[in-house]
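The chain contents come next:
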Amino acid sequence: MNKQSVIILTTTILLLMVAFTAVMCNSGNDEKVYRIGLSQCADDTQWRKQMTRRLRANAVQEGNIELIVTNADNSSSKQVRDIDSLSSIGIDLLLVSPNDVDSITDAIRRIHNKGIPVIEIDRQTSDSTSFSCFIGANNIHIGIEAAKLADNMCPKVVDFVELYGQKTASATIERSRGFNEAIQYRQFTNKKFNKVHELYCNFSATEGYVKMKNLLETDTNFNLVYSHNDDMAIGASRAIREKGIKHKIFIIGIDAVPSEEGGILAVYNREMDATILYPNGSDEAIETAMKILKGQPYERNIQLATLPIDTNNAFGLYKQLNSSKELDEKLLKQDANVKSMVSRISTQNNIILLIIIMLAGAFILISVIFRLYANNKKQNTILCEQTAEILAQKEELESQSVYLSQINEALRRSKENTLGSIRYAQTIQTAMLPTTSDLDKVFKSFVIYLPKDIVSGDFYYFHYIKYDEREVDFVSVIDCTGHGVPGAFMSLIGINLLDQIIKQQFIHSPAEILDELNRNVRKMLRQEETDNDDGMEAIFCKVEKWSDGRRRLTYEGAKFPVHRYNSQSGEIETYKTSRKGIGGKFRNRESAVTFTDKTIDLNIGDRLYMTSDGIGDQNNYERKRYTIKRLLDAIKDSVKMDIDQQKNHILNDLNNFKGDCDQRDDITVLGVEIV
């Protein structure tokens, strides 16, 4: 190797070392970042807005937390969806303030069973084994403190109106219980209390105003309003002040948020007479979350301290707590600026790294060119003699190259157009299939749907009808002749025909449905006149559910059986069906086999399984078939699991068996649990 080559090679190695060092500097200082989900039940009160802001600020101060916030808008069903969504994106820990005591329990239990720690803040669900820690103030004690304040402020006889929050929220239940037990048993009060009205205002200032205004139209003979939060108390105070009778009615709230619209300033401005500090637990939540994530000891139940607030201490506390709010807002703004700056620096570093890599590539290219030039110079004489021949060959090669390029481009466009059409067909086919949410309206269910070639010759069907005392659910798995595009065409024909038969012709017997499907397939494909022999194999089930708890299955099939897990006996039972197929020019012409309905009674908790033959025919490297027997064994092994976990068990068993072997046919397995 000559001197110039050595210099170029050395320079290239140095540049690559610099690039490697830059990459290591970018990646070596990375600290573990924890993804923490926050499921808020609502964000419509000053107290909840303060809680969310404080949690964000504490996460920023911690430095290695990505906080993902959802808001359920006082909807338990939305909060369940929020929690499931947070679980699916892979969080390390869940912070949750439940919308009510019972509805959220199952969702929290699911995420806890996945090994994700759960911290409940402010409100507690009914299953204490499904969360790692509860953080909140003692709402019963807060109710007692409110009773003490009322006892000190009011005259000898207290006629009061109680403003309730959300009916099923633990805070509503416990704040009412603490206050009413205190005045009933007079452990903490001396005066006589009479509850004259109770209003449910959903923790809302607007509802507090409207319902108090309506009450004042008919009754003003009370001297105390006890509100379960400041927002309702402030709304009620506005209605009372508009009526001009604030001087004779005392108002007590709970929360003491240090904002311009919050309870502390309302007390200072004499819109209310007192409130009780209800800490949001955000500091303790982030601190406990980090202890759990780092495997450190932590307290499982953290009770937060409270404080009564009246006109004597309201302004001082407002100044103190509001300064903390301003610091939080400043911190969050600085964090946004820092993230923007880090993003710009990262982009700049990537550009520098790219330039270094390009320079290294350029030096390598220069080295190659230099060596080629030296070799070409030595062989110049030989090349001159061969120039004519090379030029002739070059012209021929260029001509062939252009021709091949044109062919390749044509093939590429053809392939892209074909794949684009097939993917669009997949979108259409998928849109015509039932969704998981459709099935989940009437069953617990799973679907394993694996087309062999993007679109599928398999399809599954679902429809339900609701009567006064009875519900009828139709569910089916059908395998059409072929797979890929031809099979998909057949599946679209099958879906449309089933819709016509069930929804327009009102045929609801499985046997009659299959007879009508057979007749229409043969008619549409003109099988009496042409050589077309396409058809279908199917299993069709009708499940009837009465309001008194009775459940009944009526079924029939075209070569496919239905499998039932009997929850009473614990056994897997297989019910065979007709040997007759759907459609086909020759297969049914002289057949004496007919479709006949079969009926059995079901139990709540039974499961039905329907499948095409694709899963049974799948082979492994030893050319052995998976078989329906192995599928039933996998079902039996996992029948005690939740039905979505059972789906994963079956898929794992199939994939372990199949390995890297190609899929032979479309695969469909449908499982439903009777509820």
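Up top is the structure.
In this text the structure is predicted, and so the values were computed from the model without any measurement.

1. A few points about the packing of aromatic side chains
Applying the stated criterion to the full structure yields 14 aromatic pairs. An angle of 75 degrees between the planes, with centres 5.4 Å apart, marks the rings of tyrosine 626 and phenylalanine 657 as edge-to-face. Placement of tyrosine 626 in the loop between helix 17 (614-617) and helix 18 (628-638) and of phenylalanine 657 in helix 19 (residues 643-658) is noted, with a sequence separation of 31 residues between them. Overall, the relative accessible area of 1% leaves tyrosine 626 in the buried class. Taken together, the ring pairs connect Phe160, Phe179, Phe193 and Tyr226 into an aromatic cluster. The ring of tyrosine 278 is capped by arginine 175, whose NZ or CZ atom sits 4.3 Å from the centre of that ring. In this structure, lysine 545 packs its charged tip against the face of phenylalanine 443, placed 5.2 Å from the ring centre.

2. Some details on helix 16 (residues 510-524)
Between its terminal C-alpha atoms helix 16 stretches 21 Å, which fits the 21 Å expected from 15 residues at 1.5 Å a residue. Contacts made by the buried residues of helix 16 are with strand 15 (470-480), helix 15 (484-504), strand 16 (535-546), strand 17 (551-558) and strand 20 (582-583). Of the residues flanking the end of helix 16, it is arginine 526, one or two places downstream, whose phi is positive at about 50 degrees.

3. Topic: the sheet that holds strand 6 (residues 157-164)
Taken in spatial order, the four strands make up an open sheet running 7-6-8-9, and their pairing is parallel. Edge positions in the sheet fall to strand 7 (192-200) and strand 9 (250-252), since each of these pairs with one other strand and no more. Across this sheet, the average inter-strand angle for adjacent strands is 20 degrees, counted without regard to direction.

4. What about a nonpolar patch on the surface?
Taken together, the side chains of Tyr403, Leu404, Ile407 and Leu411 define a hydrophobic patch exposed on the protein surface, amounting to about 410 Å² of accessible area. Residue position: leucine 404 is located in helix 13 (residues 387-432).

5. A closer look at helix 18
Every buried residue of helix 18 is accounted for by Leu631, Leu632, Ala634, Ile635 and Ser638. Each buried residue of helix 18 lies within a common arc of 160 degrees when the element is viewed along its axis, so the set occupies one face. Those residues of helix 18 that are exposed and angled more than 90 degrees off the buried face are Lys629 and Asp637. Considering only its buried residues, helix 18 is in contact with strand 18 (562-565), strand 19 (572-575), strand 22 (607-611), helix 17 and helix 19.

6. A few points about the pattern of salt bridges
Tallying each qualifying case throughout the model produces 40 salt bridges. The partner of aspartate 122 in a salt bridge is arginine 48, with the nearest N and O atoms 2.5 Å apart. In this pair, aspartate 122 is assigned in the loop between strand 4 (118-121) and strand 5 (133-137) and arginine 48 in helix 2 (residues 46-62), connecting sequence segments 74 residues apart. A residue is classified by how much of its surface remains accessible, and arginine 48, at 5% relative accessible area, is buried. Its salt-bridge partner being lysine 545, residue glutamate 471 comes within 3.1 Å of it at the nearest N-O pair. One end of the pair, glutamate 471, is in strand 15; the other, lysine 545, is in strand 16, and 74 residues separate them in sequence. Under the relative-accessibility criterion, lysine 545 is labelled buried at 10%.

Scoring rules and cut-offs
Counting restarts for each chain, with residues numbered from 1 along the sequence as it is written. Owing to the predicted nature of the model, reporting of local features is limited to residues with pLDDT of at least 70; listing and counting of side-chain atom pairs is limited to 80 or more, with chain, interface and lining totals taken over all residues. Values shown for side chains rest on all heavy atoms present in the structure; no hydrogens or waters enter the calculation. Working definition: a ring pair exists when centres of Phe, Tyr or Trp rings (six-membered ring for Trp) sit within 6.5 Å. Plane angles under 30 degrees give stacked, over 60 give edge-to-face, the rest tilted. Only DSSP runs of H or I with at least four residues qualify as helices, and only runs of E with at least two residues qualify as strands; both kinds are numbered from the N terminus onward. Burial status follows relative accessibility: with a 1.4 Å probe on protein chains alone, a residue under 20% of its type maximum counts as buried, one over 50% as exposed, and anything between as partly exposed. A ring is scored as having a charge over it whenever the NZ atom of a lysine or the CZ atom of an arginine sits within 6 Å of its centre and within 35 degrees of its normal. One fewer than the residue count of a helix, multiplied by 1.5 Å, yields its expected span. Residues are treated as being in contact if the distance between any of their heavy atoms lies within 4.5 Å. Only when DSSP finds a minimum of two bridges between them are two strands counted as paired. Angles here are taken between N-to-C directions and fall from 0 to 180 degrees, while the axes themselves are lines fitted to C-alpha atoms, restricted in helices to the stretch in contact. The patch calculation keeps residues exceeding 30% relative accessible area without a salt bridge and links them within 9 Å when they carry like charges or within 5 Å when they are nonpolar (Val, Leu, Ile, Met, Phe, Trp, Tyr). All accessibility values rest on the Shrake-Rupley procedure with a 1.4 Å probe; residue burial counts only the protein chains present in the view. Salt bridges are defined as contacts in which a side-chain nitrogen from Lys or Arg sits within 4 Å of a carboxyl oxygen from Asp or Glu. Taking the helix axis as origin, the arc is that swept by the directions to the C-beta atoms.

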